[in-house]
Amino acid sequence: MDFPTDAADAESPLKPDELKVLRSQFEKEGEYVSVQTKFNYAWGLIKSSSRQDQQTGVRLLSEIFRSSPERRRECLYYLALGNYKLGNYAEARRYNDQLLDKEPANLQASSLKDLIDDKVAKEGLMGVAILSGVAIAAGVVGGMLFRGVGRKR
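Because the structure is a prediction, the values reported are computed rather than measured. (Residues numbered from 1 in each chain as written. Predicted model: local features only at pLDDT ≥ 70, side-chain atom pairs only at ≥ 80, totals over all residues. Heavy atoms only, no water.)

Draft legend 1. Looking closely at the overall build of the protein chain. Scanning the protein chain for helices and strands turns up six helices and zero strands. The secondary structure elements of the protein chain, listed N-terminal to C-terminal, are α-α-α-α-α-α. Scored against the burial criterion, the 153 residues of the protein chain give a buried share of 35%. Look at the contacts in the protein chain between residues 6 or more apart in sequence, and 54% of them connect residues 24 or more apart. Here the protein chain displays about 9600 Å² of accessible surface, and carbon together with sulfur accounts for 57% of that area. (Helix = DSSP H or I, 4+ residues; strand = E, 2+ residues; numbered from the N terminus. Buried < 20%, exposed > 50% of the residue type's maximum accessible area, 1.4 Å probe, protein only. Contact = heavy atoms within 4.5 Å. Areas by Shrake-Rupley, 256 points an atom, 1.4 Å probe, with all protein chains shown as cover.)

Have a look at this one:
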């Protein structure tokens, strides 16, 4: 299995058989699962299109990040990616920025930064549009109520 060279590849999930191999190895090792096996399984889960798989992948990577300081750098990108896919953009940016601080020329992290920034900008504009719509609706309803009160007098 190849790891992606840019963030766009992260949108293509593993084939079910590939994820099954990673899950089988993870389960076979049980409570003595190696960090590498756990990482590989988490990587496959992050690439999944299932939100539950992605959440599990982020949880597993968080465990590795906390318990294996020597593996933190390689966890950063996938923690950023997993959080991005889950819509946790602040967390995604935090992990990705940590990686870019360590490796400013990292193409994966640079690509992911662009994806995060685009998503935040789009969702920010969507939020502004929704708030504007709510404000207009409230104004219309308020105007109608005000007119109704004025007519009764």
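We are not done yet, so read on.
Draft legend 2. Local environment of the pattern of salt bridges. Under the criterion given, the structure shown has seven salt bridges. The salt bridge partner of Glu-91 is Arg-94, with a shortest N-O separation of 2.9 Å. With a gap of three residues between them, Glu-91 and Arg-94 both fall in helix α5 (residues 89-102), about one helical turn apart. You can call Glu-91 partly exposed: its relative accessible area is 31%. Salt bridges sharing partners connect three or more residues here, namely Lys-38, Arg-59 and Glu-63. (Salt bridge = Lys/Arg side-chain N within 4 Å of Asp/Glu carboxyl O.)

Draft legend 3. Seen up close, the packing of aromatic side chains. The final tally for this structure, using the stated rule, is five aromatic pairs. Ring centres of Phe-65 and Tyr-95 lie 5.9 Å apart, and the angle between their planes is 80°; this geometry places the pair in the edge-to-face category. Remark: Tyr-95 occurs in helix α5 and Phe-65 occurs in helix α3 (residues 51-67); sequence separation between them is 30 residues. Tyr-95 matches Phe-65 in its accessibility class, with the two residues each being buried. By the ring-pair criterion, three or more aromatic residues cluster together here, those being Phe-39, Tyr-77 and Tyr-78. Its end group placed over the ring of Phe-65, Arg-72 keeps NZ or CZ at 5.3 Å from the ring centre. The ring centre of Tyr-95 lies 4.6 Å from the NZ or CZ of Arg-94, which sits over that ring. (Phe/Tyr/Trp six-rings, centres within 6.5 Å; stacked < 30°, edge-to-face > 60°. Lys NZ or Arg CZ within 6 Å of the ring centre and 35° of its normal.)

Draft legend 4. Spatial organisation of the side chain of Asn-106. Within the fold, Asn-106 resides in the loop between α5 and α6 (107-152). You can call Asn-106 buried: its relative accessible area is 12%. Here Ala-109 takes part through its backbone nitrogen, which lies 2.9 Å from a polar atom of the side chain of Asn-106. Setting aside anything within four residues of it in sequence, one finds Asn-106 in contact with Leu-99 and Leu-100. (Polar contact = N/O pair within 3.5 Å; in protein donor to acceptor, adjacent residues only side chain to side chain.)

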